[in-house]
Amino acid sequence: MHHKKFHNIRLVFMIIGSILNIGFIACCVIAIINSSNEHLRNILLPIIISYVILCLVFYILLGRLFCGFLCPLGLFQDILWKITNKLHLPQLPRDSKFMKVINAFNIFLLIVFLGVIIALIILLAFFSDILAKIKFPMLILYIVPIVMITLNSMARRFFCNVCPLGSFIGLFRKINFVKLKKDNDACTSCGACYESCPMRIESIYLEKEKIDISTSKCIYCGECIKKCPKDNALSITIRNKIIYKSSTEDFLNTQSNKKGKENEQGK
C-alpha cells in the first residue's frame, strides 16, 4: 500500500470513528446527568454496555490501532498539528529524560482513570441516586481543551503520550493482531523513524534483534514507515499480513512532491 493511500484511509477512519465515539460519549453524559430517570437509564445503559464490550474486543484484538485510526482526540490533535506546524512555532524538546517523567505521569493517570471508571460503573448500576447528586466540575470542560491545545502546539500528538485510555489499551499489546515489524538487515539506523514518531519510541531504530518491535505506546500512525527510506525495513501487519511497508520509491516520491510544493510557495 502506498503512503498516500494508507494515510487517506486512516483519515477516513478517523472521521468515522470520531463521530461514533463522540456519540457514545454523549450517551454517557446524558445517562450520568439524568441518572435518576429510570426510563432513560434503561434505554441508554444497554447501549453503553454494548459499546464498551465492543470497544474492549477491539482493544484486545487490534490494540492502539484505535488511537491511530478511530480516536476523536487523535483527529483533533492531527488537525491542530497541521495548523500549528504551518506557523513554525517552537517545538518542545522531548529527550529520553523528559519522556521518562512523562511516562511516569502517564502510569499515575492510568491508575486514576481505572479507579474513576470502576467507581462510575458501580454508581451508575447500583447507586444512581448518589450519582445524580454529584456535581461535575464544569471548569474541567475549559481546562482540558486549553491544556491540549497548548501541548499539541509544541509537540505532535503530545496528549497521546499521557492518555490513560491509550495506556489501558496498550496493556493488551501482547495479544493484539496488529504488529509493527522491522527488518534489521534493511535498517541503517538513520533515526528518521524516531524523529517522525509522535510517541517518541526509541526502540524503533535502536532495536537490532527483534522482528516484532511493537510497544504499548505505538499508535500505528505509520509516520515512521512514511519517513523510512529503505524497502521493507518497517511494516505494519495484521495477523502477519503486511498492510503497509516502507518503500524507497514512495519515500523519494514524497520528498520530490514536498520539494515541489516548497518551490511553488517560494515563488
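Please refer to the structure higher up on the page.
Attention here is on the structure that accompanies the text. (Residues numbered from 1 in each chain as written. Predicted model: local features only at pLDDT ≥ 70, side-chain atom pairs only at ≥ 80, totals over all residues. Heavy atoms only, no water.)

Regarding the overall build of the protein chain
So the rule is basically this: Put simply, DSSP marks the helices as runs of H or I at least four residues long and the strands as runs of E at least two long, and each gets a number from the N terminus on. Each residue's exposure class comes from its accessible area (1.4 Å probe, protein chains only) as a fraction of the maximum for that residue type: buried when under 20%, exposed when over 50%, partly exposed otherwise. Contact criterion: two residues are considered in contact whenever any of their non-hydrogen atoms come within 4.5 Å of each other. Using the Shrake-Rupley algorithm and a 1.4 Å probe, accessible areas are obtained, with residue cover drawn only from the displayed protein chains.
Broken down by element type, the protein chain carries 12 helices and 3 strands. When burial is assessed residue by residue, the protein chain has 39% of its 267 residues classed as buried. Within the protein chain, residue pairs in contact and separated by at least 24 positions form 73% of the contacts whose partners lie at least 6 positions apart. As displayed, the protein chain offers around 16000 Å² of accessible surface, 69% of which is attributable to carbon and sulfur atoms.

What to know about the sheet that holds strand 1 (residues 178-182)
So the rule is basically this: Strand pairing is assigned whenever DSSP identifies at least 2 bridges connecting the two strands. As a rule, the C-alpha atoms of each element are fitted with a line to give its axis, helices using only the stretch in contact, and angles between N-to-C directions run from 0 to 180 degrees.
Read from one edge to the other, the open sheet built from 3 strands follows the order 1-2-3, with strand pairing classed as antiparallel. A single partner strand is all that each edge strand has here, and the edge strands are strand 1 and strand 3 (241-245). If you compare each strand with its neighbour and ignore which way they point, the axes differ by 35° on average.

Some details on the pairing of strand 3
The sheet contact formed by strand 2 (residues 234-238) and strand 3 spans 4 bridges and is antiparallel. Directly across from I236, in strand 3, lies its bridge partner Y244.

Structural notes on the pattern of salt bridges
Where we set the bar: Salt bridge criterion: a side-chain nitrogen from Lys or Arg within 4 Å of a carboxyl oxygen from Asp or Glu.
Evaluation of the coordinates by the stated rule reveals 4 salt bridges. Its salt-bridge partner being E223, residue R156 comes within 3.4 Å of it at the nearest N-O pair. Separated by 67 residues along the polypeptide, R156 in the loop between helix 7 (139-152) and helix 8 (164-170) and E223 in helix 11 (residues 223-227) bring together distant segments of the chain. Since its relative accessible area comes to 6%, E223 is described here as buried. Here the residues in one salt-bridge network are R10, D78 and R157, joined through shared partners.

Digging into the layout of surface pockets
For the record, the criterion: Computed over the protein atoms alone on a 1 Å grid, cavities are sets of points where a 1.4 Å probe fits but cannot get out and pockets are open sets with protein on both sides within 12 Å along at least five of seven lines; a residue lines them when it has an atom within 4 Å of a point. Grid points are joined across faces, edges and corners, and a volume is the space filled by probe spheres set on the points. Put simply, Ala, Val, Leu, Ile, Met, Phe, Trp, Tyr, Cys and Pro go in the nonpolar bin, Asp, Glu, Lys and Arg in the charged bin, and everything else, Gly too, in the polar bin.
As a volume, the second largest pocket reaches approximately 1900 Å³. Elements supplying a minimum of two residues to the lining of the second largest pocket: helix 1 (3-33), helix 4 (72-86), helix 9 (192-196), helix 11 and helix 12 (248-266). At 9 residues, the largest contribution of residues to the lining of the second largest pocket is made by helix 12. Its residues assigned to classes, the lining of the second largest pocket comprises 11 nonpolar, 13 polar and 16 charged.

What about the packing of aromatic side chains?
Note the threshold: In this scheme Phe, Tyr and Trp rings, the latter by its six-membered ring, pair at centre separations within 6.5 Å, and the angle between planes marks the pair as stacked below 30 degrees, edge-to-face above 60, and tilted otherwise. Whether a charge sits over a ring depends on NZ of Lys or CZ of Arg being within 6 Å of the ring centre and within 35 degrees of the ring normal.
In the structure shown here, the tally under the stated rule is 11 aromatic pairs. Centre to centre, the rings of F13 and F69 are 6.2 Å apart; their planes meet at 70°, and the pair counts as edge-to-face. Of this pair, F13 sits in helix 1 while F69 sits in helix 3 (residues 65-69), and the two are 56 residues apart along the sequence. Judged by relative accessible area, which is 43%, F13 ranks as partly exposed. Grouping aromatic residues by their ring pairs yields a cluster made of F58, Y59, F66, F168 and F172. Positioned over the ring face of F177 is R239, at 5.0 Å from the centre of the ring.

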